[in-house]
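# Structural characterization, general
This is what each chain is made of:
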Amino acid sequence: MTGDVLIDVQNLSIGFTGRSGKLLPVLRNIDLGVRRGETVGIVGESGSGKSTLALAMMGYLKHGLRVISGRSLFDGRDLLTMPSCELQRIRGGKIALIPQNSGQSLSPNLRVGAQLTEALALHGKLALSAFPARVIQLLQQVRLPDPEVIASRYPHELSGGQQQRVAIAMALAGDPEALLLDEPTTGLDVTTQAHILALLSDIAVRLDKVMVYVSHDLGAIARVCSRVVVMYAGEIVLDGDATSVLTNPGHPYARGLLASIPRLGNPNLPMALEGRPPPPGDAGPGCSFVDRCAIAEAPCRSERPGLQPLPAGGRVRCRLPERAGSIPTKRAGKPASAGGSFGEPLVRLSNLAISYARQSLVDQLLGRKPQGVPTVDRVNIEIRQGEVIGLVGESGSGKSTILKAVAGLVGPANGEIAYDRSGALPATVEQRRPEQLREIQLIFQNPDESLNPRHTIEQILAQPLQLYFGLSGDALRKRSIAILERVRLGAHYLDRLPSQLSGGEKQRVAIARAFAAEPKLLLCDEVTSALDVSVQAAVLDLLDQLRRDVRALSDRVAVLYQGRLCEIGPAAAVYSRPCHPYTEALLGAVLEPEPGARPILMAEDIVELSPPAKGCPFQRRCHRKVGSICESTTPPQRNAGAEHVIHCHIPIGELTSAQTVSTLGNAVRPHVQ
Amino acid sequence: MSDGPATLVATTARPSRIVSVICEVLSRPSGFIGLFLVIAHVLLALFSPIFAPFDFKAMNANAILSPPDATHWLGTDQLGRDILTRTIMGGRQAILVTAIATPLAVAWGGLLGIYLGLAGGRLDDILMRVVDAFLALPWILKMLLMIVTFGTGVSVLIPTLAFFYGIPVIRIARAATQNIVARDFVLAARARGHSRVSIMRKELFGNVLDALMVEGAMRWSWMLLAFTSLSFLGFGVSPPTPDWGLMIADSRNFMAIAPWPAFAPVIALSSLIIGINLTADALAKALGIDRAQAAVH
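Residues numbered from 1 in each chain as written. Chains lettered and ligands numbered in written order. Predicted model: local features only at pLDDT ≥ 70, side-chain atom pairs only at ≥ 80, totals over all residues. Heavy atoms only, no water.

What follows deals with the overall build of chain B. Helix and strand counts for chain B stand at twelve helices and zero strands. A sequence separation of at least 24 residues applies to 73% of the contacts in chain B between residues at least 6 apart. (Helix = DSSP H or I, 4+ residues; strand = E, 2+ residues; numbered from the N terminus. Contact = heavy atoms within 4.5 Å.)

Encoded structure:
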């Protein structure tokens with residue numbers, strides 16, 4: 001079904017002038033042809049040049065970048081030398097871009113229909129009278145229900161997933177031959193992401209578009225693309241059909257990347273890919289991956305390998321492709337520290353409810369109670385010494401809120417947090433004893449936010465050490481170095497600022513700061529979600545080592561929806577045989593980096609703004625709703641085995657027998673206790 | 001994991017932040033010209049008594065309102081005093097008073113603003129309404145009220161200027177603090193159980209300092225204008241001490257026949273204020289602060 005070459009990048013090198021005045025290449029000798037009918041995925045870590053390449057395909061260079069050599073042809077014409085008036089006609093009309101967060105790039109003060117009409121008028125391919133029908137057709141093509149209603153709405157009245165669909169419809173408005181997608185689903189919830197990906201792969205086939213899909217997420221690429229290009233340090237290192245790249249890639253980097261992805265179906269920890277790519281201009285004369293490669297030989301350091309064809313099809317930039325096969329792609333990784341027997345209960349959340357509703361001044365004066373349904377309600381979780389419990393759910397499910405309540409940053413509206421047999425834990429930080437503060441430590445999602453940019457690593461680590469242990473001078477420095485070594489960073493990091501560290505190193509420092517307090521309870525809020533795939537594995541591995549210490553790491557999992565518990569039980573039981581309808585929907589949507597893996601789309605990808613006042617929290621999206629009882633009565637707790645509790649009206653026999661869900665992927669990032 | 005790229009990172013190390021900011025300021029034309037003007041004015045104010053060509057009090061009945069010539073480069077005023085001498089000495093009082101009052105204003109306004117930004121709540125609500133009320137009054141009214149009550153003189157002017165010009169700083173510091181308080185590292189410090197004072201000192205101060213420095217430079221130029229205006233109105237420096245505001249006030253009666261006595265102090269004052277503004281602009285750009293967001297008062 002593939003035809004002639006539509007997008008043809010030839011020996012393209014793009015770079016910027018560094019502070020030293022040297023020209024630093026971001027892309028190096030890219031050769032890539034995309035044929036009609038192909039969907040090509042470009043995968044790589046941040047800084048690999050994948051977005052730069054995608055933008056160059058539509059003749060666009062970010063500020064400060066310039067072409068060193070090569071051409072970027074579209075339909076036989078070089079876009080990089082084309083006059084801008086001609087480029088304008090090609091962009092949008094022949095080749096359209098869907099950027100990250102494109103849902104948010106919609107104009108907030110125009111109705112969806114008006115924005116689409118604007119796009120149609122811009123491309124000028126249609127008569128004015130045909131616009132309304134075409135708007136409806138576009139909205140249908142992106143499978144939005146009730147296109148007439150959607151067209152009359154403002155963007156803020158739509159959910160994130162719906163906004164993304166409208167953005168895709170905008171890109172389709174000019175009826176382009178090719179679509180460039182730059183991380184189009186990053187930042188969306190797992191279930192929404194699955195729906196959007198299904199839509200995209202459907203569009204590629206149904207509307208016969210060439211698609212170039214840029215992502216760091218192999219799972220997303222696996223769902224959409226027939227061909228995968230792996231980029232590393234500005235080079236194409238591997239190019240082949242999706243099946244071979246995702247199962248048995250011929251390049252050591254691609255194999256390391258596959259092995260570093262945590263998978264639900266496999267209880268072992270993912271393998272960390274140590275090191276980081278060379279910064280632009282810093283790659284030596286040899287192979288750019290040589291410092292991280294397990295099979296590197298002396299010649300790899302001196303000669304840069306060419307992009308050579310593989311016997312089975314595809315191309316690889318490696319001198320030893322036949323030996324690369326010896327590197328494992330799946331979990332030769334070590335098992336996570338065993339669960340099994342745990343100590344005494346450490347924390348017990350009983351009937352916890354948290355509300356963000358604030359009393360206004362008028363309400364205070366009139367003595368009114370705050371209105372509204374609490375954000376988190378009826379949460380009962382017990383955590384024992386040495387146990388890891390993961391909280392799983394989409395954004396808005398109350399995961400972070402619960403962690404903040406335990407840390408004393410948000411006061412509960414109801415219920416209590418019992419701690420270490422000493423009874424109820426005071427609600428806020430100010431009321432807690434120093435000992436309690438020390439024993440409960442929190443690690444945040446994004447180390448860029450959680451580390452003070454003006455502090456050196458030494459100052460950052462000194463905070464807990466001075467506060468809890470009163471250390472100073474030499475003792476403080478010695479202790480800081482010891483802690484840094486525990487997170488595998490050297491003493492020379494002490495004088496650096498966070499901005500001089502990589503993402504993974506920053507998160508290690510954040511972990512070190514929490515462990516410096518010698519906590520009994522560690523609260524981790526999506527600690528890997530801001531990191532690159534290969535770094536995530538290293539951070540999880542570190543946490544596991546330190547705890548002696550989610551499915552990468554969890555012993556037990558609590559599934560939350562809209563701040564209410566749906567299901568709680570041992571990780572193995574919950575992940576292998578999800579019982580609650582929401583767990584089923586969530587895990588079914590998880591992205592597996594397996595070619596041909598198709599999501600099990602069950603729940604509607606709508607986003608609810610507030611939980612229902614009565615009944616089951618999942619009632620509006622549930623695909624197995626029993627009846628009106630779901631809307632009126634709080635679901636009972638049903639026992640599905642040892643410590644496995646499900647909150648659902650469906651009788652337990654039906655819940656456990658009904659569904660079997662196949663292997664599950666990586667995108668649900670459980671939280672560690 | 002880091003030994004290779006580490007060398008690259010280490011060369012951009014840290015003690016040089018102040019140095020690098022100054023280099024950045026000087027690398028912009030506005031910063032270079034601005035800083036040159038400010039430093040020239042400060043040096044003149046410090047050393048003018050040494051190299052002033054005449055005695056600033058010396059009157060010359062034979063050269064009243066004489067135009068610029070070889071003896072009196074900028075001419076003489078209505079009492080025959082040398083205008084060059086009086087101009088290069090005329091900024092001493094203004095620069096001295098405002099150079100003391102500005103840090104005081106930034107210090108008290110900044111500290112209170114940071115505290116309110118961190119603490120929030122009812123105290124913040126009430127105090128900010130008071131700040132709004134103060135800012136709604138014209139500054140000249142407030143200043144004159146203080147001077148009428150406590151008299152003139154440096155010992156009154158410094159605390160008065162420091163007090164009134166600290167009030168807009170509260171707003172700036174509070175707004176800058178609120179941006180930072182929302183970030184996770186402050187949340188982390190709260191969760192560890194640090195006291196408010198410790199959070200202000202360790203987490204907030206360094207991050208708000210940039211905004212305060214730029215704000216301080218701005219306050220300085222506004223304060224200079226205010227001081228000169230008071231002198232012009234006769235509430236600042238008393239004669240015969242030379243002062244720009246006073247010189248402008250004295251010479252305005254003779255503007256039609258002898259405009260030069262007014263030119264020199266006007267140019268001196270404007271060049272200093274323009275210099276401060278250019279420096280503040282370049283500083284804001286070097287520190288990455290959006291001056292467009294700063295309040296103007």
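In this section: the sheet that holds strand β16 (residues 414-419) of chain A. Residues and elements named next belong to chain A. Pairing is antiparallel across the open sheet formed by three strands, whose spatial order is β14-β13-β16. Of all strands in the sheet, those with a lone pairing partner are β14 (376-384) and β16, marking the two edges. Along the sheet, successive strands turn relative to each other by an average axial angle of 5°, direction set aside. In terms of strand pairing, strand β13 (residues 345-354) meets β14 through six bridges, oriented antiparallel. Looking across to β14, one finds that Leu349 is bridged to Ile381. Along the sheet, helix α14 (residues 399-407) contacts β13, β14 and β16; its crossing angle with β13, the most-contacted strand, is approximately 120°. (Pairing = 2+ DSSP bridges. Axes fitted to C-alpha atoms, helices over the stretch in contact; angles between N-to-C directions.)

Before going further, it helps to spend a moment on the pattern of salt bridges. Opposite charge on two side chains makes pairing possible when the charged atoms of those side chains draw close. Residues and elements named next belong to chain A. If you walk through the whole model with that rule in mind, you get 35 salt bridges over all chains. Residue Glu435 is joined to Arg438 by a salt bridge in which the shortest nitrogen-to-oxygen separation is 3.1 Å. Of this pair, Glu435 and Arg438 are both found in helix α15 (residues 434-439), three residues apart, which corresponds to roughly one turn of the helix. For Arg438, a relative accessible area of 12% corresponds to the buried category. In this structure, Arg438 engages Glu439 in a salt bridge whose closest nitrogen and oxygen atoms are separated by 3.9 Å. (Salt bridge = Lys/Arg side-chain N within 4 Å of Asp/Glu carboxyl O. Buried < 20%, exposed > 50% of the residue type's maximum accessible area, 1.4 Å probe, protein only.)

Its location among the elements puts B:Ile257 in the loop between α11 (244-251) and α12 (260-287). As for B:Ile257 and B:Leu65, which are separated by 192 residues in sequence, their C-alpha atoms are 8.9 Å apart.

Here we take up the packing of aromatic side chains. Evaluated as defined, the whole model comprises ten aromatic pairs over all chains. Between the aromatic rings of A:Tyr561 and A:Phe618, the centroid separation amounts to 5.0 Å while the plane-to-plane angle is 80°, which identifies the pairing as edge-to-face. Pair noted here: A:Tyr561 is in strand β19 (residues 556-561) and A:Phe618 is in the loop between α22 (581-589) and α23 (629-632), with a separation of 57 residues, a long-range link. When the centroid spacing of 5.6 Å and the interplanar angle of 5° are considered together, the rings of B:Trp108 and B:Phe163 count as stacked. One end of the pair, B:Trp108, is in helix α5 (residues 92-119); the other, B:Phe163, is in helix α8 (residues 154-181), and 55 residues separate them in sequence. Here a set of aromatic residues connected by ring pairs shows up, and it is made of B:Trp108, B:Phe134, B:Phe163 and B:Phe164. Its guanidinium or amino end placed over the ring of A:Phe469, A:Arg479 lies 5.0 Å from that ring's centre, counting from NZ or CZ. Lying across the ring of A:Tyr493, A:Arg496 places its NZ or CZ 4.6 Å from the centre. (Phe/Tyr/Trp six-rings, centres within 6.5 Å; stacked < 30°, edge-to-face > 60°. Lys NZ or Arg CZ within 6 Å of the ring centre and 35° of its normal.)

Residues and elements named next belong to chain A. By the alternation rule, side chains of strand β18 (residues 521-524) split into Leu521 and Leu523 and Leu522 and Cys524, which are all buried. Relative to β18, strand β17 (residues 440-443) runs parallel, the two being bridged by four bridges. From the neighbouring strand, Leu442 faces β18, where its bridge partner is Leu523.

This brings us to the confidence of the model for chain B. Residue and element names in this part refer to chain B. Per-chain confidence: chain B averages 83 in pLDDT, with 92% of residues scoring 70 or above. Taken element by element, the predicted model of chain B shows its lowest mean pLDDT in helix α1 (residues 3-11) (37) and its highest in α5 (92). Taken together, the stretch residues 1-15 has pLDDT below 50 and engages in 20 contacts with residues farther than four places along the chain or on a different chain. pLDDT under 50 marks residues 292-297. Its contacts with residues more than four places away, or in other chains, come to eight contacts. (pLDDT = per-residue confidence, 0-100.)

When two helices pack together, you describe them by how their axes are tilted relative to each other and by the distance separating the axes. It is at 7 Å that the axes of α5(B) and helix α10 (residues 196-233) of chain B come closest, and there the two elements cross at 145°. In the crossing of α5(B) with α10(B), the sense of the turn from one axis to the other is right-handed. (Left-handed = near helix turned anticlockwise from the far one by under 90°.)

Quick look at the sheet that holds strand β20 (residues 564-570) of chain A now. Residue and element names in this part refer to chain A. With respect to topology, five strands assemble into an open sheet ordered β15-β19-β20-β22-β21, the strand pairing being mixed. With one partner strand each, in any of the chains shown, β15 (389-392) and β21 (637-639) form the two edges of the open sheet. Averaged over all pairs of adjacent strands, the angle between strand axes in this sheet comes to 20°, irrespective of strand direction. The sheet contact formed by β15 and β19 spans four bridges and is parallel. Across the sheet, the residue bridging to Ile389 is Arg556, located in β19.

All names here are of chain A. Here eight bridges tie strand β1 (residues 5-17) to strand β4 (residues 65-74), and the two strands are oriented antiparallel to one another. Bridging from a neighbouring strand, Gly15 pairs with Arg66 of β4. Hairpin remark: β4 followed by strand β5 (residues 77-78), antiparallel, with two residues in the connecting loop; positive phi at Asp75, about 55°.

On to the interface of chain B and chain A. Listed by partner, the interface residues are 26 residues for chain B and 34 residues for chain A. Viewed at the interface, chain A and chain B are joined by two salt bridges. The salt bridge partner of B:Asp210 is A:Arg454, with a shortest N-O separation of 3.0 Å. Counting across the chain B and chain A interface gives twelve residue pairs in polar contact (both at pLDDT 80 or more). Elements represented by at least two residues in the side of chain B that touches chain A include exactly α1, α9 (184-192) and α10 of chain B. Ranked by residue count, the leading element in the side of chain B that touches chain A is α9(B), at seven residues. Looking at the side of chain B that touches chain A, its residues break down into nine nonpolar, six polar and eleven charged. (Polar contact = N/O pair within 3.5 Å; in protein donor to acceptor, adjacent residues only side chain to side chain. Nonpolar A, V, L, I, M, F, W, Y, C, P; charged D, E, K, R; others polar.)

Below, the discussion takes up helix α17 (residues 457-469) of chain A. Look at α17(A): 18 Å from first C-alpha to last across 13 residues, which is about the 18 Å you get at 1.5 Å a residue. The largest bend along α17(A) measures about 25° and falls at A:Gln463, with the proline A:Pro464 one to four residues further on. Turning to α17(A), its buried residues are A:Ile457, A:Ile460, A:Leu461, A:Ala462, A:Gln463, A:Pro464, A:Leu465 and A:Tyr468. Contacts from the buried residues of α17(A) go to α15, β17, α18 (473-486) and α19 (503-516) of chain A together with α9 and α10 of chain B. Just beyond α17(A), the residue with positive phi is A:Gly470, at close to 60°. (Expected span 1.5 Å × (residues − 1). Bend = angle between axes of the 7 residues up to and from the residue.)

What follows is about the nonpolar core. The biggest cluster of nonpolar side chains holds 66 residues, and the ones touching the most others in it are A:Leu139, A:Ile168, A:Leu179, A:Tyr213 and A:Val230. Structurally, this core is a two-domain feature, drawing no fewer than three residues from each of domain 1 (5-109 + 176-324) and domain 2 (110-175) of chain A. A:Leu139 has contacts with A:Val112, A:Leu116, A:Leu144, A:Pro147, A:Ile150, A:Ala151, A:Val166 and A:Ala169, leaving out every residue within four places of it along the chain. Of all hydrophobic cores here, the second largest spans 40 residues; its members include B:Ala45, B:Phe164, B:Phe227 and B:Leu272. (Core = buried A, V, L, I, M, F, W, Y, C linked by side-chain atoms within 4.5 Å. Domains from an automatic or database assignment.)

All names here are of chain B. Position of Leu246 among the secondary structure elements: in helix α11. Taking the relative accessible area as the measure of exposure, Leu246 reaches 8% and is therefore buried. Among all residues touching Leu246, those that are not within four sequence positions of it are Ser231, Phe232, Val237, Ser238, Pro239 and Thr241.

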